[in-house]
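Structure assessment
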Amino acid sequence: MLGLATSIPIVIFASTLLVGAMQRFPIIVAAGAALLGWVAGALAIADPAIEPWIAGIDAPVTTIVPAMIAFFVFAVGRNGRPKATGSTPARDESSNDG
């Protein structure tokens, strides 16, 4: 019970620090997404069902495929998110009929 009582405040404190860091430095979120993409690519290449298909390829597939997936995830994350404008758009009152 003592471990649970001490670990919950530590997790809350650390998550508060991480949220602050991610808000201040948004590249942390994109780098984390790229890391997840790299791991997903590495796991896909290491899959026993796919391994026979890539066994005859001379290129360093175990590095190229995870790097490509990481770059794809990073690029989509950086370009696909909505941009913050700092203000809300004005409502068009002329289109209301009532």
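Residues numbered from 1 in each chain as written. Predicted model: local features only at pLDDT ≥ 70, side-chain atom pairs only at ≥ 80, totals over all residues. Heavy atoms only, no water.

Some points on the overall build of the protein
Spelled out, the test is: To qualify as a helix, a DSSP run of H or I must reach at least 4 residues; to qualify as a strand, a run of E must reach at least 2; elements of each kind are numbered from the N terminus. Buried residues are those whose accessible area, probed at 1.4 Å on protein chains only, stays under 20% of the maximum for their type, while exposed residues exceed 50% and partly exposed ones sit between those limits. Throughout, a residue-residue contact means that at least one pair of heavy atoms, one from each residue, lies within 4.5 Å. Working definition of accessibility: Shrake-Rupley area with a 1.4 Å probe, residue cover restricted to the visible protein chains.
A count of helices and strands for the protein gives four helices and zero strands. Listing every helix and strand of the protein by position from the N terminus yields α-α-α-α. The buried share of the protein, reckoned over its 98 residues, is 9%. A separation threshold of at least 6 residues defines the contact pool for the protein, and within that pool the share at least 24 residues apart is 70%. Total accessible area on the protein is roughly 8,100 Å²; 71% of this is exposed by carbon and sulfur atoms.

So, helix 2 (residues 27-46)
Convention followed: One less than the number of residues in a helix, times 1.5 Å, gives the span that helix is expected to have. Here, the arc refers to the directions that run from the helix axis to the C-beta atoms.
The terminal C-alpha atoms of helix 2 lie 28 Å apart, and with 20 residues this matches the ideal 28 Å at 1.5 Å per residue to within 8%. Taken residue by residue, helix 2 has Ala 30, Ala 34, Gly 37, Gly 41 and Ile 45 as its buried positions. The buried side chains of helix 2 occupy one side of the element, clustering within an arc of 65° when seen end-on. In this structure, helix 2 carries Leu 35, Leu 36, Leu 43 and Ala 46 as exposed residues pointing more than 90 degrees from its buried face. Packed against the buried residues of helix 2 are helix 3 (51-54) and helix 4 (61-79).

A few points about a nonpolar patch on the surface
Note the threshold: Within this analysis, patches are made of residues with over 30% relative accessible area and no salt bridge. Like charges are joined at 9 Å or less; nonpolar side chains (Val, Leu, Ile, Met, Phe, Trp, Tyr) at 5 Å or less. Salt bridge, as applied in this entry: a Lys or Arg side-chain nitrogen positioned within 4 Å of an Asp or Glu carboxyl oxygen.
Side chains of Leu 18, Val 19, Met 22, Phe 25, Ile 27, Ile 28 and Val 29 sit close together on the surface and give an oily, nonpolar patch of about 600 Å² of accessible area. Mapped onto the nonpolar patch, the elements with two or more residues apiece are helix 1 (2-24) and helix 2. For Ile 27, the position within the fold is in helix 2.

Re the packing of helix 2 against helix 4
Where we set the bar: Axis geometry follows a simple rule: fit a line to the C-alpha atoms, using only the stretch in contact for helices, then measure angles between N-to-C directions, giving values from 0 to 180 degrees. Two helices crossing with the near one rotated counterclockwise from the far one by less than a right angle form a left-handed crossing, whereas a clockwise rotation gives a right-handed crossing. All amino acids are sorted into three groups, where Ala, Val, Leu, Ile, Met, Phe, Trp, Tyr, Cys and Pro are nonpolar, Asp, Glu, Lys and Arg are charged, and the leftover types, Gly among them, are polar.
Where helix 2 contacts helix 4, the axes come no closer than 7 Å and their chain directions differ by 145°. The hand of the helix 2/helix 4 crossing is right-handed. Seen from helix 2, the contacting residues are Ile 27, Ala 30, Ala 33, Ala 34, Gly 37, Trp 38, Gly 41, Ala 42 and Ile 45; seen from helix 4, they are Val 61, Thr 62, Thr 63, Val 65, Pro 66, Ala 67, Ile 69, Ala 70, Val 73, Phe 74 and Arg 78. Looking at the contact of helix 2 with helix 4 residue by residue, the classes come out as 15 nonpolar, four polar and one charged.

Re the environment of Ile 28
Structurally, the position occupied by Ile 28 is in helix 2. Given the relative accessible area of 37%, Ile 28 is considered partly exposed. For the pair Ile 28 and Leu 18, spaced 10 residues apart in sequence, the C-alpha to C-alpha distance is 9.4 Å. Among residues more than four places away in sequence, those in contact with Ile 28 are Ala 21 and Met 22.

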